[in-house]
Amino acid sequence: MTPQTLFIIVNTATGSVYTGGGSSTPAQSRVFGSREQAERSLKRIRRFAGDVLEITTYERKIND
């Protein structure tokens with residue numbers, strides 16, 4: 001099995017993986033294959049009062 005690391009943006013205030021959104025766009029989960037991609041996205045996400053966004057990692061095993 002080959003491990004694959006995924007980087008997920010989570011709202012730690014609510015525990016939700018759904019972040020961002022606006023008046024015409026829904027909030028969405030954001031999962032990336034590199035930390036750099038996740039950090040770039042984190043800078044662009046619209047935040048609401050009380051949002052605490054963090055990048056968490058998830059190790060996924062892929063069957064070879």
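Residues numbered from 1 in each chain as written. Predicted model: local features only at pLDDT ≥ 70, side-chain atom pairs only at ≥ 80, totals over all residues. Heavy atoms only, no water.

*Asks:* So what about the overall build of the protein? Which residues, and what values?
*Replies:* Within the protein one finds one helix and five strands. Listed N to C, the secondary structure of the protein is β-β-β-β-α-β in terms of helices and strands. Taken over 64 residues, the protein has a buried fraction of 28%. Within the protein, contacts between residues separated by at least 24 positions form 64% of all contacts whose residues are at least 6 apart in sequence. Carbon and sulfur atoms provide 50% of the accessible area of the protein, an area that totals close to 4,600 Å². Between the mean site of the 9 positive side-chain charges and the mean site of the 6 negative ones, the protein shows a separation of 7 Å. (Helix = DSSP H or I, 4+ residues; strand = E, 2+ residues; numbered from the N terminus. Buried < 20%, exposed > 50% of the residue type's maximum accessible area, 1.4 Å probe, protein only. Contact = heavy atoms within 4.5 Å. Areas by Shrake-Rupley, 256 points an atom, 1.4 Å probe, with all protein chains shown as cover. Lys, Arg positive; Asp, Glu negative; His and termini not counted. Charge placed at Lys NZ, Arg CZ, Asp CG, Glu CD.)

*Asks:* Quick rundown of the environment of lysine 61? Include the residues and the values.
*Replies:* The topology assignment puts lysine 61 in strand 5 (residues 53–62). We classify lysine 61 as exposed; its relative accessible area is 63%. In sequence terms lysine 61 and phenylalanine 32 are 29 residues apart; their C-alpha atoms lie 16 Å from each other.

*Asks:* Lay out the nonpolar core in plain terms, naming residues and giving numbers.
*Replies:* Formed by Phe7, Ile9, Phe32, Ala38, Leu42, Ile45, Leu53 and Ile55, the largest nonpolar core amounts to eight residues. If near-sequence neighbours (up to four positions away) are discounted, alanine 38 is found in contact with Phe7, Ile9, Phe32 and Ile55. (Core = buried A, V, L, I, M, F, W, Y, C linked by side-chain atoms within 4.5 Å.)

*Asks:* Quick rundown of the environment of arginine 46? Include the residues and the values.
*Replies:* For arginine 46, the location among the structural elements is in the loop between helix 1 (35–44) and strand 5. We classify arginine 46 as partly exposed; its relative accessible area is 47%. Note: C-alpha distance between arginine 46 and threonine 19 (27 residues apart in sequence) is 8.1 Å. Other than its neighbours up to four places away in sequence, arginine 46 contacts Gly20, Gly21, Gly22, Ser23 and Asp51.

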